[in-house]
Amino acid sequence: MIREANREDLDQLLELYLYLHEDSIPAHDERLAEMWDGIMNDKNHHVIVCEIDGKIVSSVTCIIIRNLTHNVRPFALVEYVVTHEDYRGKGYATECLDYARELARAQDCYKIMLMTGSKRESTLNFYRHAGYSSEDKTGFNQKL
């Protein structure tokens, strides 16, 4: 089942994020609680999950960004595409990306941006197959 995350999903999401680039789960402290509360209350911040038998196995974050260009149409940013290693290759991340695309369409976004740090051809082909292009723009990143 593809759906948006709810407040009770935090622990499962943090465990799933260990398959991204995280090496530990953050402490359950006030900072984490405030961040999660802010995400849950932000109508433009969508954490999309795929749940199988009560377990979150894949997730995508889609953020709608307001914009003054392109006839005052927003755009979407997709980040944190992740699937538990035991559930990869079954189409769950693709379903989450499809859900994000429909959210963006419903908000009249003119584009969706996605960046990946992966250089693996299989990952890049996955994004190409999902409809993303690496030919249109050049992405840059600055660590803070």
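The structure we're discussing is the one just above.
Residues numbered from 1 in each chain as written. Predicted model: local features only at pLDDT ≥ 70, side-chain atom pairs only at ≥ 80, totals over all residues. Heavy atoms only, no water.

Enquirer: It is not clear to me how the nonpolar core should be interpreted in this structure. Could you clarify?
Expert: In summary, soluble globular proteins display a tendency toward joint burial of nonpolar side chains. Val60, Val78, Val81, Leu97, Leu114 and Tyr132 are the most contacted members of the largest nonpolar core, which has 21 residues in total. Those elements giving two or more residues to this core turn out to be strand 2 (45–52), strand 3 (55–65), strand 4 (75–83) and helix 3 (92–106). Considering every element that reaches this core, the biggest residue donor is helix 3, with seven residues. Discounting residues that sit within four places of it in the chain, Val78 has contacts with Val60, Thr61, Leu97, Ala100, Ile112, Met113, Leu114, Met115 and Tyr132. Among the nonpolar cores identified, the runner-up in size contains 13 residues, and Ala5, Leu16, Ile39 and Val47 belong to it. (Core = buried A, V, L, I, M, F, W, Y, C linked by side-chain atoms within 4.5 Å. Buried < 20%, exposed > 50% of the residue type's maximum accessible area, 1.4 Å probe, protein only. Helix = DSSP H or I, 4+ residues; strand = E, 2+ residues; numbered from the N terminus. Contact = heavy atoms within 4.5 Å.)

Enquirer: What's the story with unusual backbone geometry in this structure? I'm lost.
Expert: Negative phi is the rule for most residues except glycine; trans is the rule for most peptide bonds. In this model, His70 sits at a positive phi of 50°, which is unusual for a non-glycine residue. Judged by its relative accessible area of 47%, His70 is partly exposed.

Enquirer: When you look at the packing of aromatic side chains in this model, what are you seeing that I'm missing?
Expert: Working definition: an aromatic ring pair is given by the centre-to-centre distance plus the angle between the planes. Summed over all chains, the structure comprises four aromatic pairs. Sitting over the ring of Phe75, Lys111 keeps its end group 5.5 Å from the ring centre. (Phe/Tyr/Trp six-rings, centres within 6.5 Å; stacked < 30°, edge-to-face > 60°. Lys NZ or Arg CZ within 6 Å of the ring centre and 35° of its normal.)

Enquirer: Help me understand the environment of Asp29 in this model?
Expert: Mapped onto the elements of the fold, Asp29 is located in the loop between helix 1 (10–16) and helix 2 (30–41). Given the relative accessible area of 38%, Asp29 is considered partly exposed. In terms of polar contacts, Asp29 uses its side chain to reach the backbone amide nitrogen of Leu32, at 3.0 Å. (Polar contact = N/O pair within 3.5 Å; in protein donor to acceptor, adjacent residues only side chain to side chain.)

Enquirer: When you look at the side chain of Thr123 in this model, what are you seeing that I'm missing?
Expert: Mapped onto the secondary structure, Thr123 falls in helix 4 (residues 121–129). If we ignore the near neighbours within four places in the chain, the residues touching Thr123 are Thr116 and Ser118.

Enquirer: Looking at this structure, I do not really get the state of the cysteines. What am I missing?
Expert: Simply put, disulfide is the name for a covalent bond between the sulfur atoms of two cysteines. All chains considered together, the criterion is met by zero disulfides. Cys50 takes part in no disulfide bond, and the closest cysteine sulfur to it belongs to Cys96, at a distance of 5.4 Å. (Disulfide = S-S within 2.5 Å.)

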